Amino acid sequence: MGATEPGGNGEAEGEERENGKGGEGLKDLEKGEVNIQKESVQTYPPNEFHMSRVQRLSATNPLRLVIDNATRVASPSPAQTQPHSRPAPTPLHHHQQQQQQEAPPPPQPQPQPQPRSTPTPQQNVVSLNSRAYTNKISLFVFTLHMVLAVGLVGFLIFKGVQGLLKEGRAQRREKRVLKYFLPQVEAAATLSITLAFVWQKAVRLWPKFMVHFIIWTSFSLTLAAGILLICFQTPATDGIGVVFIAFAIGNGLYACWVTQRTSFCSKIFLKALEPVSKFSDLNQPTYWMLGSGFVWMSFWIFAVIGALNFYVPPLIIFALALSIAWTAEVMRNVANLTVSRVIALYYLRGMQSSTEFCFQRALSNNLGSACLGSLYVPSIEALRIVARGLNLIEGEDEFMFSCAHCCLRVMESIFRRGNGWAYVQIAAYGKGFVKASQDTWELFVKREMTEVVDSDITSAICFLTGVCSGSICTIAVCSWTYSVHHGYLGTLAVLSAFIGYLMTRIAMALPQACVSCYYVCYAENPENRLFDRTIPDRIDLVKSGRLDVVVPTPRVPRRFQR
């Protein structure tokens, strides 16, 4: 146990003797402890190696790692409780350790603080290909109505055929109706369809001329129809004639009131109808709706004849009239939605969509909105006209008109939640009717377009076009009926005007939809290159306060209010 192990060189042994601790280290090795001296694992680099070059190497360089491992010593064992002396290093080794101690450690890369992940708000990207059905309750109600209407029409046609087969008074009356009533009604339907296409084509070709022509022609034709009915000198025709003349007077006053707006309306028609030439089949939905309307109208007439052989014929005929009015309005709005989607996608995305696909979408996904709008919009427009009429004749001392302002404000508030401008966003984005109405009106408010769209008369032009067709049909059918049979003059006068109006409104859905798309799509993206300065110039004129741009609501002079 007293022998010395060859674990180092002469210098190391001398250092051990100087420190007086050599025997203690040998005892540890003999005991089997794992305390290995530095010299036992020290490897000396060659004398020619320049250590200054090592320090220039990166800490991650492979050569630096090899050299560092070669000069590394084992760390003391945790079992060792007393420190042991180190052998004196060679000059080269001492120089290497001194350089390592003097050289600053390589800078450790500071960990980059990770940014705290904050949830980014996701934008509401409205899809142009929504497959959801809109206004399902309205769709269900309309479908149920059509089932009941088809059942009632079929039952009344059966009653009519049954009355024709039975001998007696009912058979003679139905034969007389078929001879003097049915041909005139079918003629009115055919004439109204012809007039519908004539009006639409004329508006598309000569919009500037047709705006003035329609406004004053509707007044003239309505007045002429009223005078003709009074000339027949029957109680029924006299009452209907008075109604026609009263409407003509109101129409004439309206024509004088909106004269300043006709030039801007002509410009809007001219600009809005420009994309129509890019879609050769854009009128196909109108053809289908008018053809379907003519077929359903023919069955409806047979049902009216059959109602004469059933209980309470006036009530049944009134119910049939309401049914066909709603059905025809839905047909018009289906054509409106189809054209609106085609033109809106052209403005918003520059796409040339398939008219057939848009027509199928209007008949399926958006049919519920068309049904709701067909009930809602005409009712609100009628109430709005009544409220404005009350606002015109309000007086300071009259109690019955004290709530005129309140009624008008209520109608305006309701109008913001349901209006005809909504069909563009219904067709483009698949929104519900109320949501589309609110979003569209918010766009108008944001772009400061409310006064411009509120003073727009394109919907009034389309309405007066239907009035013109109704008056022409009344004049033609009543003149024919008066020459063959006087008994149905009053009924045919009302019915022919009704049919002429409905059929023409279906055809005029195309220009009205184009104008709506022009306004709404401009409100969504005014920077679109497809729009010119027509609307911005109009907004500037409105802001300037010129009275010839936005005509204020006329008031009854104070001296006539007492």
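The numbers attached to residues start from 1 for each chain and follow its sequence in the written order. Where totals are concerned, whole chains, interfaces and linings use all residues; where local detail is concerned, this predicted model gives features only for residues with pLDDT of at least 70, and gives and counts side-chain atom pairs only at 80 or more. Only hydrogens and water are set aside when side-chain values are computed; all heavy atoms of the structure are taken into account.

*Asks:* Just checking my understanding: could you explain the overall build of the protein for this structure?
*Replies:* Helical segments are the DSSP runs of H or I of at least four residues, strand segments are the runs of E of at least two, and each set is numbered from the N terminus. Within the protein one finds 24 helices and 0 strands. Within the protein, buried positions represent 44% of all 562 residues. Contacts: residue pairs with any heavy atoms within 4.5 Å of one another. Within the protein, contacts between residues at least 6 apart in sequence are counted, and of these 79% link residues at least 24 apart. We call a residue buried when its accessible area falls under 20% of the maximum for its residue type, exposed when it is over 50%, and partly exposed in between, using a 1.4 Å probe and counting protein chains only.

*Asks:* Explanation requested: the pattern of salt bridges in the structure shown.
*Replies:* Between side chains of opposite charge, a pair can form when the charged atoms approach closely. Throughout this description, the term salt bridge denotes a Lys or Arg side-chain nitrogen within 4 Å of a carboxyl oxygen of Asp or Glu. Applying the stated criterion to the full structure yields 8 salt bridges. In this structure, K431 engages D439 in a salt bridge whose closest nitrogen and oxygen atoms are separated by 2.8 Å. Across the pair, exposure class does not vary: K431 and D439 are buried alike. For D540, the salt bridge identified is with R533, shortest N-O distance 3.6 Å. Among the residues examined, R533 registers a relative accessible area of 49% and is labelled partly exposed. Through salt bridges with shared partners, one network takes in K271, E274 and D532.

*Asks:* Mind showing me how you'd approach helix α23 (residues 509-524) here?
*Replies:* Along an α-helix, residues three or four positions apart point the same way, because every turn accommodates 3.6 residues. Expected span, for any helix, means 1.5 Å times one less than how many residues it has. Taking 1.5 Å of rise per residue, 16 residues should cover 22 Å, and α23 covers 22 Å from first to last C-alpha, within 8% of that figure. Burial analysis of α23 places 15 of its 16 residues in the buried class, the great majority of the element.

*Asks:* Before we go on, may I ask you to explain the packing of aromatic side chains in this structure?
*Replies:* Whether two aromatic rings pair depends on their centres lying within 6.5 Å, for rings of Phe, Tyr and Trp, where Trp uses its six-membered ring; planes under 30 degrees apart make the pair stacked, over 60 edge-to-face, and the rest tilted. Applying the stated criterion across every chain, the model contains 24 aromatic pairs. On the numbers, 5.5 Å between centres and 25° between planes, the contact of F209 with F213 is stacked. Here F209 and its partner F213 are both found in helix α10 (residues 207-231), 4 residues apart, which amounts to about one turn of the helix. With 5.7 Å between their ring centres and 90° between their planes, W421 and F444 make a pair best called edge-to-face.

*Asks:* Quick question: what am I supposed to make of the packing of helix α7 (residues 136-165) against helix α13 (residues 284-307) here?
*Replies:* When two helices pack together, their arrangement is captured by the angle between the axes and the distance separating the axes. For helices, the fitted axis covers only the stretch in contact; all axes are lines through C-alpha atoms, and the angles between them, taken along N-to-C directions, range from 0 to 180 degrees. It is at 7 Å that the axes of α7 and α13 come closest, and there the two elements cross at 55°. Taken as axis vectors, α7 and α13 run oblique relative to one another. The element α7 and its partner α13 pack so that their crossing is left-handed. Each of A149, V150, V153, L156, I157, K159 and G160 in α7 lies in contact with α13, whose residues at this interface are W296, F299, F302, A303, G306 and A307. Residue classes in the contact of α7 with α13 are distributed as 10 nonpolar, 2 polar and 1 charged. Oblique is the label for every angle not falling under 35 degrees (roughly parallel), over 145 degrees (roughly antiparallel), or within 65 to 115 degrees (roughly perpendicular). Crossing handedness is read from the near helix: turned anticlockwise from the far helix by less than a right angle, it gives a left-handed crossing, and turned clockwise, a right-handed one. Charged means Asp, Glu, Lys or Arg here, nonpolar means Ala, Val, Leu, Ile, Met, Phe, Trp, Tyr, Cys or Pro, and polar covers whatever is left, Gly included.

*Asks:* Teacher, can you tell me more about the side chain of E329 here?
*Replies:* By the secondary structure assignment, E329 is in helix α14 (residues 313-349). The class for E329 is buried, based on a relative accessible area of 14%. Side-chain atoms alone can form a polar contact between residues adjacent in sequence; in general such a contact is a pair of N or O atoms within 3.5 Å, and within protein one must be able to donate a hydrogen while the other accepts it. Of note is the side chain of E329, whose polar atom sits 2.5 Å from the side chain of R332. Dropping the residues within four chain positions of it, E329 is found in contact with S374 and P378.

*Asks:* Mind showing me how you'd approach the nonpolar core here?
*Replies:* Most often, soluble globular proteins have nonpolar side chains that are buried together. If you look at the biggest cluster of nonpolar residues, it comprises 65 residues, and the most contacted ones within it are F444, M449 and Y519. Sort the elements by how many residues they give to this core and α23 lands first, with 11 residues. Not counting residues within four places of it along the chain, the set of residues in contact with M449 comprises F444, Y519, Y522, A523, I535 and I539. Nonpolar cores were defined as sets of buried Ala, Val, Leu, Ile, Met, Phe, Trp, Tyr and Cys residues, with membership established by side-chain atoms within 4.5 Å.

*Asks:* Would you take a moment to explain the environment of G368 for this structure?
*Replies:* Relative to the elements of secondary structure, G368 occurs in helix α16 (residues 367-392). Along the backbone, G368 and G432 are 64 residues apart, and their C-alpha atoms lie at a distance of 8.5 Å. If near-sequence neighbours (up to four positions away) are discounted, G368 is found in contact with T134, N135, S138 and L139.

*Asks:* Looking at this model, I keep getting lost on the side chain of T262. Mind explaining?
*Replies:* As for its position among the elements, T262 is in helix α12 (residues 262-272). In contact with T262, not counting residues within four places along its chain, are V211, H212, I215 and I457.

*Asks:* Got a minute to help me understand the packing of α13 against α14 in this structure?
*Replies:* One way to put it is that α13 packs onto α14 with a least axis distance of 10 Å and a crossing angle of 175°. As judged from the angle between their axes, α13 and α14 are roughly antiparallel. Contact with α13, carried on its side by P285, T286, M289, S292, G293, W296, M297, W300, A303, V304 and A307, involves P313, I316, I317, L320, A321, I324, T327, M331, V334, A335 and T338 of α14 and no other residues of that element.

*Asks:* Help me understand α12, please; the structure alone is not making it clear to me.
*Replies:* When you tally the buried positions in α12, you get 8 out of 11 residues, the bulk of the element. Those residues of α12 that sit buried are T262, F264, C265, S266, I268, F269, K271 and A272.

*Asks:* Explanation requested: unusual backbone geometry in the structure shown.
*Replies:* Peptide bonds are mostly trans, and most non-glycine residues show a negative phi. Phi is positive for N135, close to 50°, though the residue is something other than glycine. Phi at V312 takes a positive value of approximately 40°, unusual for a residue other than glycine. Within the element layout of this structure, V312 appears in the loop between α13 and α14.

*Asks:* Help me understand the state of the cysteines in this model?
*Replies:* By definition, a disulfide is the covalent link that joins the sulfur atoms of two cysteine residues. Cysteine sulfur atoms are paired as a disulfide whenever they come within 2.5 Å of each other. For the coordinates displayed, the defined rule picks out 0 disulfides. The thiol of C514 is not disulfide-bonded; the next cysteine sulfur, from C517, is found 6.6 Å away. Look at C514 and you get buried, because its relative accessible area is 0%.

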